[in-house]
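# Breakdown of the fold
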Amino acid sequence: MPRRAAAGVRPVDPDPVHSSRLVQQVINKVMSAGKKSLAEQIVYDALQILSRRTSDDPVDALEKSVRELTPVLEVRSRRVGGATYQVPVEVPSRRARTLAVRWLIQFSRARRERTMAERLAGELSDALSQQGGAYKRKDDIYRMAQANKAFAHYRW
């Protein structure tokens, strides 16, 4: 048991350009070494590239792609009688959205495009078409949860 109270959830303020909390969450995740203005520029450029590709509102396209990447189930390790089981559990909505944004940025950084804005836009458009590394990660986790359905009775 922790000695202190659980950490409180800090609210994310909406970003100044699109007034969207999701855009601000992506900016915060892209940010490295406290360089927020650079992260904002990267995300806004990526949204502009994405809106040119999809001819859609950039924030709507971002929300659709994050919705595609949002996991439904995940596996948690549960130790029972000396054996460790991978128990499938439903993902809370807050954690699911955080995981989707985390995978989006992680697989964007691993891409081969020239700039980070192009990488992020590429990963977002891949997510819309149910492709790319982040979508594959979501699919792998879902398949693992389905394979371990037999251990669902160990859920806590």
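Residues numbered from 1 in each chain as written. Predicted model: local features only at pLDDT ≥ 70, side-chain atom pairs only at ≥ 80, totals over all residues. Heavy atoms only, no water.

### Quick word on the packing of aromatic side chains
We apply this condition: Only rings of Phe, Tyr and Trp enter the pairing, Trp through its six-membered ring, and a pair is recorded when the two centres are within 6.5 Å. The plane angle decides the type: under 30 degrees is stacked, over 60 is edge-to-face, the rest tilted. The helix and strand labels rest on DSSP assignments: H or I over at least four residues marks a helix, E over at least two residues marks a strand, and numbering proceeds from the N terminus.
Within this structure, the stated rule accounts for 2 aromatic pairs. When the ring of Y85 is compared with that of F151, the centres are 4.8 Å apart and the planes differ by 35°; the resulting orientation is tilted. With Y85 in strand 2 (residues 83-90) and F151 in the segment after helix 6 (132-147), this pair connects stretches of sequence that are 66 residues apart. Between Y85 and Y154, the ring centres sit 4.7 Å apart and the planes meet at 15°, which makes this aromatic pair stacked. Linking Y85 in strand 2 with Y154 in the segment after helix 6, this pair joins segments that are 69 residues apart in sequence. Taken together, the ring pairs in this structure connect Y85, F151 and Y154 into an aromatic cluster.

### Details of unusual backbone geometry
Applied cut-off: Here's how the labels work: a residue is buried when its accessible area is under 20% of the maximum for its type, exposed when over 50%, partly exposed in between, all with a 1.4 Å probe on protein chains only.
Positive phi, close to 55°, is recorded for S19, a residue that is not glycine. Along the polypeptide, S19 turns up in the segment before helix 1 (21-30). Phi at S55 is positive, roughly 50°, even though this residue is not glycine. We classify S55 as exposed; its relative accessible area is 69%.

### Remarks on the pattern of salt bridges
Between side chains of opposite charge, a pair can form when the charged atoms approach closely. Convention followed: For this document, the term salt bridge refers to a Lys or Arg side-chain nitrogen within 4 Å of an Asp or Glu carboxyl oxygen.
Per the stated rule, a full pass over the model turns up 9 salt bridges. Between R111 and E123 there is a salt bridge, with its nearest N and O atoms 3.1 Å apart. Remark: E123 occurs in helix 5 (residues 116-128) and R111 occurs in the loop between helix 4 (93-109) and helix 5; sequence separation between them is 12 residues. Neither R111 nor E123 differs from the other in exposure class; each is buried. With a closest N to O distance of 2.8 Å, R111 and D126 form a salt bridge. Placement of R111 in the loop between helix 4 and helix 5 and of D126 in helix 5 is noted, with a sequence separation of 15 residues between them. D126 matches R111 in its accessibility class, with the two residues each being buried. Linked through salt bridges whose partners overlap, the residues forming this network are R111, E113, E123 and D126.

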